[in-house]
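Summary of structural features
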Amino acid sequence: MTAATAPSDIALPPLANDRFLRACLRLPTDCTPVWLMRQAGRYLPEYRATRDKAGSFMGLATNPELACEVTLQPLDRYALDAAILFSDILTVPDAMGLGLSFATGEGPRFAHPVRDEAAVEKLAVPDMDKLRYVFDAVSTIRKALSDDQGVGRVPLIGFSGSPWTLACYMVEGAGSDDYRLVKTMMYQRPDLMHRILQVNADAVARYLNTQIEAGAQAVMVFDSWGGVLADGAFQQFSLAYTKRVLSQLRKTHEGLRIPHIVFTKGGGIWLDEIADSGCDVVGLDWTMNLGKARAMVGDRVALQGNLDPNVLFAQPDQVCAEVIKTLDSFGKPGPHTGHVFNLGHGISQFTPAENVSVLVDTVHTYSRQQRGG
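For clarity, every value in this text was computed on a predicted model and none was experimentally measured. (Residues numbered from 1 in each chain as written. Predicted model: local features only at pLDDT ≥ 70, side-chain atom pairs only at ≥ 80, totals over all residues. Heavy atoms only, no water.)

Description of the overall build of the chain
- A tally of regular secondary structure across the chain gives 15 helices and 11 strands.
- For 373 residues, the compact-globule estimate of 2.2 N^0.38 gives 21 Å, and the chain sits close to it at 20 Å.
- For the chain, the spread of C-alpha atoms along the principal axes amounts to about 60 × 45 × 45 Å.
- Expressed as a percentage of its 373 residues, the buried residues of the chain come to 58%.
- Sequence separation of 24 or more characterises 71% of the internal contacts of the chain that already satisfy a separation of 6 or more.
- A total accessible area of about 14700 Å² is found for the chain, and carbon and sulfur atoms account for 49% of it. (Helix = DSSP H or I, 4+ residues; strand = E, 2+ residues; numbered from the N terminus. Rg over C-alpha atoms; globule rule 2.2 N^0.38 Å. Buried < 20%, exposed > 50% of the residue type's maximum accessible area, 1.4 Å probe, protein only. Contact = heavy atoms within 4.5 Å. Areas by Shrake-Rupley, 256 points an atom, 1.4 Å probe, with all protein chains shown as cover.)

In structure tokens:
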């Protein structure tokens with residue numbers, strides 16, 4: 001597709017396919033754009049081969065050339081409308097000296113969890129040079145996505161974990177089923193929790209701004225664990241610090257508009273408040289009805305989501321039907337609305353790769369029909 005002309009107050013980069021950015025900014029698109037959380041991952045045999053070559057997840061994530069390779073793999077296989085940087089949400093606390101590692105068959109783990117006043121006092125926004133491998137990956141990917149005239153194939157999304165989600169891992173030391181340690185600190189010593197979250201928010205803002213400077217054309221905040229909080233606590237300990245990040249983020253870079261996306265898993269009950277946080281796009285998990293969400297947010301923000309990732313284990317005709325249901329739920333985009341099709345969370349490593357083709361093709365074909373195309 002040829003990059004369409006945006007209104008004069010919204011400048012977009014030169015792209016062969018700019019429909020993702022246009023949808024984020026609630027501009028007209030010829031069809032609904034689609035990308036998938038964790039689209040570069042273990043469900044692809046080519047990803048597994050590259051990871052084996054790298055020797056480990058962190059070996060892969062810290063090698064800009066290999067990170068570029070796996071970022072592009074799903075784009076070579078599917079007609080996706082955006083690339084997302086291959087990295088991990090925990091790079092920022094790792095740069096704070098907490099000692100991130102990934103054991104085979106287990107999730108991330110920190111060697112030095114933050115559980116007392118002394119550990120909290122040591123925290124500081126890290127030197128961004130410690131994350132140079134991330135920014136080098138961004139630059140490498142952007143170059144690989146561009147042709148000889150500097151026109152990009154699709155936009156590149158940068159990302160970070162939210163201040164609260166990072167704090168969960170930092171205090172628990174790993175993933176958790178009950179969040180007992182982080183919630184104990186939150187309720188017993190809210191002063192310590194606020195201190196962690198302030199440092200995290202400022203670090204995340206600087207990290208995302210540096211990704212933008214390196215070439216990210218949109219940025220996303222993953223509040224993966226915001227939904228574990230009680231009402232009231234969510235606003236105080238998660239949303240307030242996501243807002244602190246958003247308030248510091250670049251809205252433009254080199255004259256081009258940079259959309260900001262916020263995804264809170266389990267955050268549907270706070271959709272109205274998240275939509276007022278200062279972001280351009282709110283990501284939804286699969287528990288929300290898209291039509292009701294659209295009615296609630298009006299023309300304040302675009303929406304992203306929200307197919308249940310487990311739909312991809314159904315038969316191809318069933319996958320197609322569920323994708324159509326999701327598109328029908330949002331409805332035909334109108335003036336000043338935008339929809340980016342995505343899953344309600346990350347794609348499973350066990351997903352049949354051929355079903356992703358069905359999803360992507362159905363999104364494009366059916367959404368064109370919705371628009372009368």
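A short note on the packing of helix H9 (residues 180–188) against helix H10 (residues 190–214)
- Between H9 and H10, the least distance of the axes is 5 Å, while the angle of their chain directions is 115 degrees. Our classification of the angle between H9 and H10 gives roughly perpendicular. Contact residues: Val 182, Met 185, Met 186, Tyr 187 and Gln 188 in H9; Pro 190, Leu 192, Met 193 and Ile 196 in H10.
- The class makeup of the residues in the contact of H9 with H10 is eight nonpolar, one polar and no charged. (Axes fitted to C-alpha atoms, helices over the stretch in contact; angles between N-to-C directions. Parallel < 35°, antiparallel > 145°, perpendicular 65-115°, else oblique. Nonpolar A, V, L, I, M, F, W, Y, C, P; charged D, E, K, R; others polar.)

Focus on the pattern of salt bridges
- Taken as a whole and judged by the stated rule, the model has 15 salt bridges.
- For Arg 189, the salt bridge identified is with Asp 191, shortest N-O distance 2.8 Å.
- Note on Asp 191: relative accessible area 43%, which makes it partly exposed.
- Put simply, Arg 257 and Asp 280 hold a salt bridge, and the shortest N to O gap is 2.6 Å. One end of the pair, Arg 257, is in strand E7 (residues 256–257); the other, Asp 280, is in the loop between helix H12 (271–275) and strand E9 (281–283), with 23 residues separating them in the sequence. Take Arg 257 and Asp 280: they sit in the same class, and that class is buried.
- Because the salt bridges share partners, they merge into one network encompassing Arg 19, Asp 30, Asp 81 and Arg 368. (Salt bridge = Lys/Arg side-chain N within 4 Å of Asp/Glu carboxyl O.)

A look at the nonpolar core
- Grouped together as the largest cluster of nonpolar side chains are 134 residues, with contacts concentrated most on Phe 20, Met 193 and Leu 359.
- Per element, the largest residue contribution to this core is 13 residues, and it comes from H10. (Core = buried A, V, L, I, M, F, W, Y, C linked by side-chain atoms within 4.5 Å.)

Description of the sheet that holds strand E8 (residues 260–264)
- One open sheet holds the seven strands; their spatial order is E1-E4-E5-E8-E9-E10-E11, and the pairing between them is parallel. Each edge of the sheet is formed by a strand with only one pairing partner; in this case those strands are strand E1 (83–84) and strand E11 (339–343).
- Judged from the three bridges that link them, E8 and E9 form a sheet pairing that is parallel. Paired with Phe 263 across the bridge in E9 is Gly 283.
- Sheet strands touched by helix H11 (residues 233–248): strand E5 (218–223) and E8. Its angle to E8, the strand with the most contacts, is close to 165 degrees. (Pairing = 2+ DSSP bridges.)

Some thoughts on the packing of aromatic side chains
- With the rule as written, the count across this model stands at nine aromatic pairs.
- Considering the side-chain rings of Tyr 179 and Trp 225, the 5.6 Å spacing of their centres and the 50 degrees angle between planes classify their relative orientation as tilted. Taken together, the residues Tyr 179 in the loop between helix H8 (163–172) and H9 and Trp 225 in the loop between E5 and H11 connect sequence positions 46 residues apart.
- For Trp 225, a relative accessible area of 24% translates into the label partly exposed.
- Ring-pair connections join several aromatic residues into one group, and the members of that group are Tyr 47, Phe 57, Phe 86 and Phe 102. (Phe/Tyr/Trp six-rings, centres within 6.5 Å; stacked < 30°, edge-to-face > 60°.)

A look at the pairing of E5
- Within E5, six of the six residues are buried, which leaves it mostly tucked inside the rest of the structure.
- With burial as the criterion, each face of E5 is covered, one bearing Ala 218, Met 220 and Phe 222 and the other bearing Val 219, Val 221 and Asp 223.
- One ladder, built from five bridges, connects strand E4 (residues 156–161) with E5; its direction is parallel. Paired with Ile 157 across the bridge in E5 is Ala 218.

So, the environment of Cys 24
- Here Cys 24 is to be found in helix H1 (residues 19–24).
- In this structure Cys 24 comes out as buried when scored by relative accessible area, which is 1%.
- In this structure the C-alpha to C-alpha distance between Cys 24 and His 339, which are 315 residues apart in sequence, comes to 7.2 Å.
- Sequence-distant contacts of Cys 24, defined by excluding residues within four places in its chain, comprise Pro 259, Ile 261, Asp 280, Val 281, Ala 302 and Val 340.

A word on helix H15 (residues 353–370)
- If you check H15, its first and last C-alpha atoms are 26 Å apart, about what 18 residues at 1.5 Å a residue would give, namely 26 Å.
- Within H15, the full set of buried residues consists of Ala 353, Asn 355, Val 356, Leu 359, Val 360, Thr 362, Val 363, His 364, Tyr 366, Ser 367 and Gln 370.
- Those residues of H15 that are buried are in contact with H1, helix H4 (64–77), strand E10 (302–307), helix H14 (316–330) and E11.
- Among the residues trailing H15, Gly 372 stands out with phi positive, at a value near 85 degrees. (Expected span 1.5 Å × (residues − 1).)

Overview of the state of the cysteines
- Under the criterion given, the structure shown has zero disulfides.
- For Cys 24, which is in no disulfide, the shortest distance to another cysteine sulfur is to Cys 279 and amounts to 10 Å.
- Unpaired in this structure, Cys 168 has its nearest cysteine sulfur neighbour in Cys 279, at a distance of 20 Å.
- Residue Cys 168 is classed as buried on the basis of its relative accessible area, which comes to 1%. (Disulfide = S-S within 2.5 Å.)

Comments concerning helix H5 (residues 91–98)
- Most of H5 is tucked away: six of the eight residues are buried.
- Structurally, H5 contributes buried residues whose contacts are with strand E2 (100–102), strand E3 (108–110), helix H7 (132–145), H8 and H10.
- Trailing H5 by a residue or two, Gly 99 shows a phi angle of about 75 degrees, which is positive.

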